[in-house]
Amino acid sequence: MILPTMRSLIRGALIFLVTIVTVVVLTPQQVKAVQTSADTVSTQGLEFTDIPTAADSIAIRKKAAAETAKVVPAENKAKPVSKAIPKTLWQVFIAGFLGGFAAFLMPCIYPMLPLTVSFFTKKAGSRSKGIFNSILYGLSIIFIYVFIGILVAVVFGPAALNGLATNGVFNFFFFLLLIVFGISFLGAFEITLPSSLANKLDENSDKGGLIGIFFMAATLVVVSFSCTGPIVSSVLLDAAVKGERLGPAVSMLGFSTALALPFTLFAMFPSALKTLPKSGGWLNSVKVVLGFIEIAFALKFLSNVDLAYHWNLIDREVVLSLWIAIGLLTGLYLIGKIKFSHDSDVTYLSVPRTFISIIVFAFVFYMIPGLWGAPLNAISALLPPLSTQDFDISAGVSPGTSSASGNTTTIKTKKYEELFKRLPKVKGLDEWYDYEQALEVSKQLKKPILIDFTGWNCVNCREMEQNVFPVPEVLKRLQNEFVMLQLVIDDKTDLPENEKYTSAVTGKKITTIGGKWLDKEISQYNSNAQPFYVIINEKGETLVPPQGANFNVNEFIKYLDSGIAAYKSKQ
């Protein structure tokens, strides 16, 4: 274990290094003040665990069904489970659409709008044919991006993509990827596909007809990659790890629709082009602001790795401090107080720039109280848990204590309590972290157990803990009627040698605490979603059908009440 003083030094060094990365291009050659103008962490020595592939997922379902049929008595079989609520396809589509709109405003695409529209309206010979060709052009763009989304879904499969969200290698890789993309957006360098590919596609676009239009669209996709690549990767992976099987394809449908729609609409109404703002320095401002956002978002993935591997370096106040610094830099950039070498001077503030600046600075001020323990409900699911905060002056019952009566047990030491002290806490609840120990507590207290299959990096888990569990009617039931058991499926702490085993369902070697609980969820309940709630008695019998995240408070209360009633009926 790292000594407190050494941990503080490492944490300070990490803050300094990540801050340097965020402003790496703010060097004398690339950025200067406008007041005078008139106008990474090493992964060496770490062992990352594997995640189930799509093939594994099929095997899991088949084997789990067989194992359940053999082991669980008929009267105790759980009914078909409801898995954790993913993003709806509409939410995925809208997220992709917003990403596509942001990509359209990038300097790689926006200036091409009048040229492309002019090409269709003049070369076609007639207005109707020009509109027809522009529609084909837009549909070609949509086809290319949706094909990419389908390819991602088919190659990886939804189970493997969902598993990526809790995989250490993925989270660290995506942190580095977003940092590189962010620095690229700030203007340090450009990430482009091979020019030979663009040239070949451009040659084919001269063929004319439907094939020529398709290759024109393909050329746009390739030459604009330096601007669209980071956005595509962000919305695509977000849909992949949080959406359904069709998530990646629907995300790309939204993205490509927003990208293609302007080319078609302005071909129909070319006179409307005169109403658009002319290309200029504001386009690069959009790109730079997105670069700052990419860098800020990258810290979330680094925090995921820190929590799962117990580095204890990226605490809540560390992320908040860096977000505040990045927000201030973004605001100062928007009002023209700092600029990059490829930026034009901001001689005056336009109305849109003014309002965006106000929003950015307001968001910075909103985050500041979080340094002293303010919950920051709007962004709490994206931050490390409040339990990682060094300084918390928030009032209320201390985490890890219970105000409920009748919770006295002869077990004085909770297994794994020290290990999970940084796990998000709901004030007023008394959680346990080991299955066998919870069964013993249930016998002594004569209460059912609510198993909460959760994870360090589970966003829906944080939403439940932030918005559902603290509701008085829910909290009262959790305090007085249940033994709360949290099983963290993505914890990377090694099991003792005598507790390691090979899973009868997946056939994989189980070597970590998180792997043990994930295997339990898969083998006993045929699910690998988080959060996942199961109500059992002291014998381990499932009392009511398990369910996933449910943000409807009344429905969750009904679920808890059904478990309480089922437990009492068996006594």
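S.K.: What is the right way to look at the overall build of the chain in this model?
M.R.: Scanning the chain from terminus to terminus reveals 19 helices and 9 strands. The 571 residues of the chain split such that 51% are buried. Looking at the chain as shown, the accessible area adds up to about 26400 Å², and 65% of this sits on carbon and sulfur atoms.

S.K.: I tried to follow the sheet that holds strand 3 (residues 431-432) on my own but got confused; where do I start?
M.R.: Note: strands within a sheet are paired through backbone hydrogen bonds, in either parallel or antiparallel orientation. With mixed pairing, the 5 strands of this open sheet are ordered in space as 3-5-4-8-9. Each edge of the open sheet is held by one strand with a lone partner, namely strand 3 and strand 9 (547-548). Sheet topology note: the strand 4 (residues 449-454)/strand 8 (residues 532-536) ladder contains 5 bridges and is antiparallel. The residue of strand 8 that forms the bridge with Asp-452 is Tyr-533. Relative to the sheet, helix 15 (residues 435-445) contacts strand 3, strand 4, strand 5 (483-488) and strand 8, its axis offset from that of strand 5 by approximately 175°. The strands that helix 16 (residues 459-467) touches are strand 4, strand 5 and strand 8; relative to strand 4, the one it contacts most, it runs at about 135°.

S.K.: How do you make sense of helix 17 (residues 472-481) when you look at a structure like this?
M.R.: Helical geometry note: an α-helix holds 3.6 residues per turn, so side chains three or four residues apart project in the same direction. The set of residues buried in helix 17 consists of Val-474, Leu-475, Arg-477, Leu-478 and Gln-479. Among the structural elements, strand 4, strand 5 and helix 19 (553-570) are those in contact with the buried residues of helix 17.

S.K.: How should I be thinking about the state of the cysteines in this particular structure?
M.R.: Here a disulfide denotes a covalent bond joining the sulfur atom of one cysteine to the sulfur atom of another. Under the defined criterion, the tally for this structure stands at 1 disulfide. The partner cysteine of Cys-458 in its disulfide is Cys-461, sulfur to sulfur 2.2 Å. Residues Cys-458 and Cys-461 are joined by a disulfide whose S-S torsion is about 80°; by sign, that bridge is right-handed.

S.K.: When you look at a nonpolar patch on the surface in this model, what are you seeing that I'm missing?
M.R.: A grouping of Phe-143, Phe-147, Ile-148, Leu-151 and Val-155 is seen on the molecular surface, where their side chains present a nonpolar patch of about 480 Å² in accessible area. As for its position among the elements, Leu-151 is in helix 5 (residues 127-156). A relative accessible area of 45% places Leu-151 in the partly exposed class.

S.K.: Would you mind showing me how to read the environment of Ser-140 here?
M.R.: Residue position: Ser-140 is located in helix 5. Put simply, Ser-140 and Phe-215 are 75 residues apart on the chain and 8.5 Å apart in space, counted from C-alpha to C-alpha. In this structure Ser-140 touches Phe-214 and Ala-217, once residues within four positions along its chain are discounted. For Ser-140, the side chain forms a polar contact with the main-chain oxygen of Leu-136, separated by 2.8 Å.

Calculation rules
- Residues numbered from 1 in each chain as written.
- Predicted model: local features only at pLDDT ≥ 70, side-chain atom pairs only at ≥ 80, totals over all residues.
- Heavy atoms only, no water.
- Helix = DSSP H or I, 4+ residues; strand = E, 2+ residues; numbered from the N terminus.
- Buried < 20%, exposed > 50% of the residue type's maximum accessible area, 1.4 Å probe, protein only.
- Areas by Shrake-Rupley, 256 points an atom, 1.4 Å probe, with all protein chains shown as cover.
- Pairing = 2+ DSSP bridges.
- Contact = heavy atoms within 4.5 Å.
- Axes fitted to C-alpha atoms, helices over the stretch in contact; angles between N-to-C directions.
- Disulfide = S-S within 2.5 Å.
- Patch = residues over 30% accessible without salt bridge, like charges linked within 9 Å, V, L, I, M, F, W, Y side chains within 5 Å.
- Salt bridge = Lys/Arg side-chain N within 4 Å of Asp/Glu carboxyl O.
- Polar contact = N/O pair within 3.5 Å; in protein donor to acceptor, adjacent residues only side chain to side chain.

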